[in-house]
Amino acid sequence: MITLASLLGVTAVALGMVLTPGPNMMYLVSRSITQGRRAGVVSLGGVAIGFLVYLTAANLGLSVIFVHVPEAYQALKLAGAAYLGWLAFKTLRPGGASVFAPGELPVDSSRRLFAMGLLTNLLNPKAAIMYLSLIPQFVRPDEGHVLAQGFILGGVQILVSLAVNLLIVSAAGTIAVFLARRPGWLRMQRLVMGTVLGALAVRLATERSRPA
């Protein structure tokens, strides 16, 4: 029912999205550094539920709303672009901090960590675009049940994202210590991340994609 090309395509897209710095990565890394790996894993649980919410909504017809009300889709994209632009500004401005730089953050309970991970992902424009525009392009109606394909391909994306983010959470503390001992590398990481976020914001604001 699912072609190999579709599986490989979704896997490649999922890897590209999860390895691009964004709200999820920034939140998971910051919590892993300040409260430890367990906090990062709990936060990742919230992120996972956020993916499931998007996956279910998209497959049950959320994209239809955006097709019939393109202004709503454009508003979502512009809001996402503005958010990414703000993150880029905070990262690149004089005195801005790297996501891997240790900082003072309040210690949150497991419930709050989970809730914030969920909220961060639900407000993540990358997640919305993933399910509304990218994954549907790999669904092949002539290969079988469209709804089943959507859930399977979305499940592949979630597995890839969780696996990569789990590695990031596990290594965040080690990376932070490594960069803290090398200020030049820390500045370079901040420059690269801020530039990527800014480029994503511009691309998201100017591209003419539509929900599939």
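Residues numbered from 1 in each chain as written. Predicted model: local features only at pLDDT ≥ 70, side-chain atom pairs only at ≥ 80, totals over all residues. Heavy atoms only, no water.

Visitor: Hey, could you run me through the overall build of the chain in this one?
Guide: Helix and strand content of the chain: eight helices and zero strands. Sequence-ordered secondary structure for the chain, helices as α and strands as β, is α-α-α-α-α-α-α-α. Evaluated residue by residue, the chain yields a buried proportion of 42% over its 212 residues. Taking the intrachain contacts of the chain between residues at least 6 apart in sequence as the baseline, contacts between residues at least 24 apart amount to 86%. Per element, the accessible surface of the chain, about 10,900 Å² overall, is 70% carbon and sulfur. (Helix = DSSP H or I, 4+ residues; strand = E, 2+ residues; numbered from the N terminus. Buried < 20%, exposed > 50% of the residue type's maximum accessible area, 1.4 Å probe, protein only. Contact = heavy atoms within 4.5 Å. Areas by Shrake-Rupley, 256 points an atom, 1.4 Å probe, with all protein chains shown as cover.)

Visitor: Quick question: what am I supposed to make of the side chain of Q157 here?
Guide: Relative to the assigned elements, Q157 resides in helix α7 (residues 146-180). Aside from chain neighbours lying at most four places away, what touches Q157 is V10, A14, F51, M130, Y131 and I135.

Visitor: Is there a simple way to explain the nonpolar core in this structure?
Guide: Proteins that are soluble and globular tend to have nonpolar side chains buried together. Within the largest apolar cluster, 29 residues are counted, with the highest numbers of intra-cluster contacts made by F51, Y131 and L153. Put simply, the parts of the chain that give this core at least two residues each are α1 (4-18), α2 (23-35), α3 (37-68), α6 (125-134) and α7. The residues contacting L153, other than those within four sequence positions of it, are I2, S6, L7, V10, I135, F138 and V139. (Core = buried A, V, L, I, M, F, W, Y, C linked by side-chain atoms within 4.5 Å.)

Visitor: Is there a simple way to think about the side chain of N24 in this case?
Guide: Structurally, the position occupied by N24 is in helix α2. Discounting chain neighbours no more than four positions away, the residues touching N24 are V47, F51, T120, N121 and N124.

Visitor: What is the right way to read the packing of α2 against helix α5 (residues 110-122) from this model?
Guide: When two helices pack together, you describe them by how their axes are tilted relative to each other and by the distance separating the axes. Contact geometry of α2 with α5 gives a least axis separation of 9 Å together with a crossing angle of 160°. Accordingly, the angle class assigned to the pair α2 and α5 is roughly antiparallel. Note on packing geometry: the crossing formed by α2 with α5 is right-handed. Of the residues in α5, those in contact with P23, N24, Y27, R31 and Q35 of α2 are R112, L113, M116, G117, T120 and N121. (Axes fitted to C-alpha atoms, helices over the stretch in contact; angles between N-to-C directions. Parallel < 35°, antiparallel > 145°, perpendicular 65-115°, else oblique. Left-handed = near helix turned anticlockwise from the far one by under 90°.)

Visitor: Before we go on, may I ask you to explain the packing of aromatic side chains in this structure?
Guide: Think of a pair of aromatic rings as described by two things: how far the centres are apart, and how the planes are tilted against each other in angle. Scanning the model with the defined rule gives two aromatic pairs in all. Relative to Y131, the ring of Y54 has its centre 6.3 Å away and its plane inclined at 10°; by these criteria the two rings are stacked. Here Y131 lies in helix α6 and Y54 lies in helix α3, a separation of 77 residues in the sequence. Y131 shares its class with Y54; the two are buried. Within the aromatic cluster, the residues linked to one another by ring pairs are F51, Y54 and Y131. (Phe/Tyr/Trp six-rings, centres within 6.5 Å; stacked < 30°, edge-to-face > 60°.)

Visitor: Help me understand a nonpolar patch on the surface in this model?
Guide: Nonpolar side chains collect at one region of the surface, where I49, L52, V53, F114, L119, L122 and L123 lie side by side and expose about 560 Å² of accessible area between them. Within the element layout of this structure, I49 appears in helix α3. (Patch = residues over 30% accessible without salt bridge, like charges linked within 9 Å, V, L, I, M, F, W, Y side chains within 5 Å. Salt bridge = Lys/Arg side-chain N within 4 Å of Asp/Glu carboxyl O.)

Visitor: What is the right way to look at the environment of Q35 in this model?
Guide: Among the secondary structure elements, Q35 is positioned in helix α2. Look at Q35 and you get partly exposed, because its relative accessible area is 25%. A sequence separation of 72 residues divides Q35 from V107, and the C-alpha atoms of the two residues are 6.8 Å apart.

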